Amino acid sequence: MIKSRMGLILGAAALLLMLSPEARKTVRRWAVKGTENVLDLTEMAKDAGTATQRKLQSLTTHDEEIIPDRTERHL
């Protein structure tokens, strides 16, 4: 006997997917869209990280040009 509502819902969903080709097509479309969205977000995060890293490197380089290292001043 099914002891929880979640078990009943999952069982009904599994039965629906097993018996209905249209339900499988719909779930497949949702899965593809979800995967596309995850990949897009991953790419956006990667691009943002790269842009931030470049900006920090340019700021560090700019600071080194303005404020020379102490070892260079003693020479």
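Residues numbered from 1 in each chain as written. Predicted model: local features only at pLDDT ≥ 70, side-chain atom pairs only at ≥ 80, totals over all residues. Heavy atoms only, no water.

**Student:** I would appreciate a short explanation of the overall build of the protein in the present structure.
**Tutor:** When helices and strands are counted, the protein shows three helices and zero strands. When its helices and strands are written in sequence order, the protein yields α-α-α. Burial analysis of the protein (75 residues in total) assigns 3% to the buried set. Carbon and sulfur atoms provide 64% of the accessible area of the protein, an area that totals close to 7400 Å². (Helix = DSSP H or I, 4+ residues; strand = E, 2+ residues; numbered from the N terminus. Buried < 20%, exposed > 50% of the residue type's maximum accessible area, 1.4 Å probe, protein only. Areas by Shrake-Rupley, 256 points an atom, 1.4 Å probe, with all protein chains shown as cover.)

**Student:** Would you take a moment to explain helix α1 (residues 5-19) for this structure?
**Tutor:** At 3.6 residues per turn, the α-helix brings residues three or four places apart onto the same side. Compared with an ideal rise of 1.5 Å per residue, which puts 15 residues at 21 Å, α1 spans 21 Å between its outermost C-alpha atoms and is within 8% of the ideal. Burial within α1 is sparse, with just zero of its 15 residues counted as buried. (Expected span 1.5 Å × (residues − 1).)

**Student:** Would you mind going over the pattern of salt bridges with me for this structure?
**Tutor:** Pairing of side chains with opposite charge becomes possible as their charged atoms draw close. A complete count under the given rule lists one salt bridge for this structure. Arg29 is the salt-bridge partner of Glu22, the closest N and O atoms lying 3.8 Å from each other. (Salt bridge = Lys/Arg side-chain N within 4 Å of Asp/Glu carboxyl O.)

**Student:** Help me understand a negative patch on the surface in this model?
**Tutor:** Together, Glu36, Asp40, Glu43 and Asp47 make up a region of like negative charge exposed at the surface. Note that Glu43 resides in helix α2 (residues 21-66). Residue classification places Glu43 among the partly exposed residues on the basis of a relative accessible area of 40%. (Patch = residues over 30% accessible without salt bridge, like charges linked within 9 Å, V, L, I, M, F, W, Y side chains within 5 Å. Lys, Arg positive; Asp, Glu negative; His and termini not counted. Charge placed at Lys NZ, Arg CZ, Asp CG, Glu CD.)

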